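In case you want the letters, here they are:
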Amino acid sequence: MAYAYDDQNIFAKILRGEIPNTTVLETDHTLAFRDIEPQAPTHVLVIPKGPYVSFDHFAADATDAEVIDFVRTISKVCKAEGVTLADGDGFRMIANAGKHGVQDVPHLHVHILGGRHMGRMVSRTD
Ligand code: DGP
C-alpha cells in the first residue's frame, strides 16, 4: 500500500507560509523551527520540505539530496543549539510515527530536545 500524505496538515501550512514559525535554519530541502509547546530548553523540529508522512516514508522515497540535506541540517541545528557532544551535554532526537508512535502532525518531523536531562526513553501509559 502507498503512503498517504495529507497536504492540509499544520506543517504543510507552515511550509507554504500560511502559518508563521520561528525558523532556526532553512535550506533548499529542509526547515528547522521551534516547537510551539517546548518540552525542554531546546526543542526544535526539523522537517523535510517534501511531502513525507513519516521517517520510514522519507527513508524509502526521498532523494539522496533530500536525505543528506536533512541529516546535515539536524547536525547544524544541534551545533547551533550547543547540544552536540562536542559543545554540550547531548540531546534526544525523536521521530514519532503513526498511531502507536503517537504522531500528532502527519508530516515527518524530528524533535531535537536538549538543555536538560531527558529521563528514561519510554514510559508506559497503558
Ligand atoms: P508529534 O506528537 O511528534 O506529532 O509532535 C507534534 C509537535 O508539533 C508538538 O510538539 C507540537 C508541535 N506543533 C503543533 N502545531 C504547531 C505549530 O503550529 N507550530 C509549531 N512551531 N509547532 C507546532
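As shown above, the structure is provided for reference.
Residues numbered from 1 in each chain as written. Predicted model: local features only at pLDDT ≥ 70, side-chain atom pairs only at ≥ 80, totals over all residues. Heavy atoms only, no water.

**Concerning the pairing of strand S3 (residues 42-48)**
Looking down a regular strand, the side chains alternate between one sheet face and the other.
Phase 1: Most of S3 is tucked away, with seven of its seven residues classed as buried.
Phase 2: Because side chains alternate across S3, one face comprises the buried residues Thr42, Val44, Val46 and Pro48, and the other comprises His43, Leu45 and Ile47, equally buried.
Phase 3: Of the strand pairs in this sheet, strand S2 (residues 30-34) and S3 are connected by five bridges, and their pairing is antiparallel. When the sheet's bridge partners are listed, Thr30 is paired in S3 with Pro48.
Phase 4: Bridge count for S3 against strand S5 (residues 110-114) is five bridges, and the pairing is antiparallel. By the bridge assignment, Thr42 is partnered in S5 with Gly114. (Buried < 20%, exposed > 50% of the residue type's maximum accessible area, 1.4 Å probe, protein only. Helix = DSSP H or I, 4+ residues; strand = E, 2+ residues; numbered from the N terminus. Pairing = 2+ DSSP bridges.)

**Topic: the pattern of salt bridges**
Phase 1: A complete count under the given rule lists four salt bridges for this structure.
Phase 2: Here Arg16 ties to Glu18 by a salt bridge, and the two come within 2.7 Å at their closest N and O atoms.
Phase 3: In this structure, Arg34 and Glu81 form a salt bridge, with 2.9 Å as the shortest nitrogen-oxygen distance. Here Glu81 lies in the loop between helix H3 (64-80) and strand S4 (91-94) and Arg34 lies in strand S2, a separation of 47 residues in the sequence.
Phase 4: Judged by relative accessible area, Arg34 falls into the partly exposed class, the value being 36%.
Phase 5: Judged by relative accessible area, which is 19%, Glu81 ranks as buried. (Salt bridge = Lys/Arg side-chain N within 4 Å of Asp/Glu carboxyl O.)

**Observations regarding the environment of Ile94**
Phase 1: With respect to the element layout, Ile94 can be found in strand S4.
Phase 2: Sequence spacing of Ile94 and Ala80 is 14 residues, and the spatial spacing of their C-alpha atoms is 18 Å.
Phase 3: Leave out the neighbours within four places in its chain, and Ile94 touches His109, Val110, His111 and Leu113. (Contact = heavy atoms within 4.5 Å.)

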